[in-house]
Every structure is written in structure tokens, then in C-alpha cells.
Amino acid sequence: MSDENGTNGTRSAAEGSATPAGPRPEPLRFFGTSWVDHGRGYAVRRAGVAVGALLTAAVACLVLFIAYEGLRIAAVSGFVTVLMGVMFALCSAMAFRHTWTGFSRRPDPDRQASLRGLLSIGFVGSLLAYFLRCFTEAPGEGLLRAEYERARDLYARRTTRRSGNPARKKRRGRA
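Position numbers for residues start from 1 in each chain and track the written sequence from start to end. Owing to the predicted nature of the model, reporting of local features is limited to residues with pLDDT of at least 70; listing and counting of side-chain atom pairs is limited to 80 or more, with chain, interface and lining totals taken over all residues. No hydrogens and no water enter the side-chain calculation; it runs on all heavy atoms of the structure.

**What to know about the environment of Thr-99**
Okay, so step 1: The way it works is that DSSP assigns letters per residue, a run of H or I at least four long becomes a helix, a run of E at least two long becomes a strand, and they are numbered from the N terminus. In this fold, Thr-99 is placed in helix α2 (residues 78-102).
Okay, so step 2: According to the relative accessible area criterion, Thr-99 is buried, its value standing at 13%.
Okay, so step 3: Measuring from C-alpha to C-alpha, the distance between Thr-99 and Gly-140 comes to 9.7 Å, with 41 residues separating the pair along the chain.
Okay, so step 4: Here, residues are in contact when the closest pair of their heavy atoms is within 4.5 Å. Discounting residues that sit within four places of it in the chain, Thr-99 has contacts with Ser-126, Ala-129 and Tyr-130.
Okay, so step 5: One polar contact links the side chain of Thr-99 to the main-chain carbonyl oxygen of Ala-95, over a distance of 2.8 Å.
Okay, so step 6: Polar contacts involving the side chain of Thr-99 include one to the side chain of Ser-126, which spans 2.8 Å. Burial classes follow relative accessibility: with a 1.4 Å probe on protein chains only, a residue under 20% of its type's maximum area counts as buried, one over 50% as exposed, and anything between as partly exposed. N or O atoms closer than or at 3.5 Å make up a polar contact, with two conditions inside protein: a donor-capable atom paired with an acceptor-capable one, and, for residues adjacent in sequence, both atoms drawn from side chains.

Written out as C-alpha cells, the structure reads:
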């Protein structure tokens, strides 16, 4: 949740109430906060992200194919060519899995830093994960929606008032 100013979205009466009090949704890459109510061109953005990810993955595969052909023209041993193909396939599969699970839970920052090189090599897998996720929701929307709903529930529970006088409450076990 966005907590830049430390007030967690609350405003005083002097400031006005242009934005609702309470937690604010975290913006999502390419979508801003349009994922909350699926407004402001959400469907078009989702389609754009899907097409963009697929086109970028296709161009990346073309570049990898050119690199593979360069190795073939250079007449390196078959072992090196197979090793390169297996490396890109494994790194792409691992990047796909890491990106896909990152849509449903926050990744560990230390693990993310240690996998940075592997994710860079397997960027095609990450692009394909973005493409496939756009068919169901904006990539990462489920995680942010769950966090936002949880924060709104906590805020509602903190701000609701109790009814009744607690001094007149009957105590159990006392006579």
C-alpha cells in the first residue's frame, strides 16, 4: 500500500476530501491504479501489454536465432551449440516460473538479487509469462488486489466505533 506521507490516506477536514480516506492502491506497471475498478482503458491496456509482450518475445527469439546461426557459421563444436540451446531453454523456463509465481506473492528481495543474471538470460520466459497472464488479469493484479482488500478491511475495523457504554458491560464470572 502507498504510504508516502505517513498518513495512510487519511486527510484532515481542512485539506478537503478529494480522495477517500483509508489505504490507497499501489500502482501497477502499465496500468497505474486502473486495475482497482477496471476503468480508464483497463481492457485496452491489458490487450496492449499482451501484444507487446508477445511481439517482444518474438523479436527476442529472432535475435537468439541469429546468435545461434552465428555459432553455426563459426563452426564451433556441436557440444557448444547444444549447450547454448539448453542454457537458454532452462533459463527461460526458470524465468517463466519465477515471474509467474511473482504474480501471486511477493518475491524475496535477496533471492531476486541472486537470480538477476539467470532472469536476464531467460527473459523470453518472463515475457511469455506476462503474455499468458494478460488473458486472466493484469500481471500482478491478484496480489495487489488481495493486499489492498486486506488493508481496506483492517482500516475499516480500526475506524469503526463500538456501540454501547463499556462501563455498563456485564462481567462474566462476577456476582
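**So, α2**
Okay, so step 1: The end-to-end C-alpha distance of α2 is 36 Å, a good match for the 36 Å that 25 residues give at a rise of 1.5 Å each.
Okay, so step 2: Among all positions in α2, only Thr-81, Met-84, Phe-88, Cys-91, Ser-92, Ala-95, His-98 and Thr-99 are buried.
Okay, so step 3: Contact partners of the buried residues in α2: α1 (42-73), α3 (109-114), α4 (116-121) and α5 (123-133). The span you would expect from a helix comes to 1.5 Å times its residue count less one.

**Comments concerning the packing of aromatic side chains**
Okay, so step 1: In this scheme Phe, Tyr and Trp rings, the latter by its six-membered ring, pair at centre separations within 6.5 Å, and the angle between planes marks the pair as stacked below 30 degrees, edge-to-face above 60, and tilted otherwise. Counted by the stated rule, this structure contains five aromatic pairs.
Okay, so step 2: Judged by centre distance (5.7 Å) and plane angle (50°), the rings of Phe-31 and Tyr-42 are tilted. Here Phe-31 is found in the segment before α1, whereas its partner Tyr-42 is found in helix α1, with 11 residues between them in sequence.
Okay, so step 3: By relative accessible area, Phe-31 is classed as buried at 1%.
Okay, so step 4: Geometrically, the ring pair formed by Phe-103 and Tyr-130 is edge-to-face, given 5.4 Å between the ring centres and 85° between the ring planes. Note that Phe-103 is positioned in the loop between α2 and α3 and Tyr-130 in helix α5, a separation of 27 residues in sequence.
Okay, so step 5: According to the relative accessible area criterion, Phe-103 is buried, its value standing at 5%.
Okay, so step 6: Members of the aromatic cluster, connected to one another through ring pairs, are Phe-96, Trp-100, Phe-103 and Tyr-130.

**Observations concerning the packing of α1 against α2**
Okay, so step 1: Every axis in this analysis is a line fitted to C-alpha atoms, fitted for helices over the stretch in contact. Angles between the N-to-C directions lie between 0 and 180 degrees. Where α1 contacts α2, the axes come no closer than 10 Å and their chain directions differ by 165°. The angle between the axes of α1 and α2 places the two elements in the roughly antiparallel class. The handedness of the crossing between α1 and α2 is right-handed. The residues of α2 that touch α1, namely those facing Leu-64, Ala-67, Tyr-68 and Leu-71, are Thr-81, Met-84 and Phe-88.
Okay, so step 2: Gly falls in the polar group here, along with every residue not listed as nonpolar (Ala, Val, Leu, Ile, Met, Phe, Trp, Tyr, Cys, Pro) or charged (Asp, Glu, Lys, Arg). For the contact of α1 with α2, the residue count by class is six nonpolar, one polar and no charged. Throughout, the term roughly parallel applies to angles under 35 degrees, roughly antiparallel to angles over 145, roughly perpendicular to angles from 65 to 115, and oblique to all others. Note on convention: near helix rotated counterclockwise from far helix by under a right angle means a left-handed crossing. Clockwise means right-handed.

**Remarks on the confidence of the model for the protein chain**
Low-pLDDT stretches of the model should not have their predicted coordinates read in fine detail.
Okay, so step 1: Taken residue by residue, the protein chain gives an average pLDDT of 81. The fraction at 70 or more is 82%.
Okay, so step 2: Mean pLDDT across the elements of the protein chain bottoms out in helix α6 (residues 141-159) (85) and peaks in α5 (91).
Okay, so step 3: Predicted confidence is poor over residues 2-17, with pLDDT under 50, and the contacts of this stretch with residues over four places away or in other chains come to 18 contacts. Here pLDDT means the predictor's own confidence in every residue, given as a number from 0 to 100.

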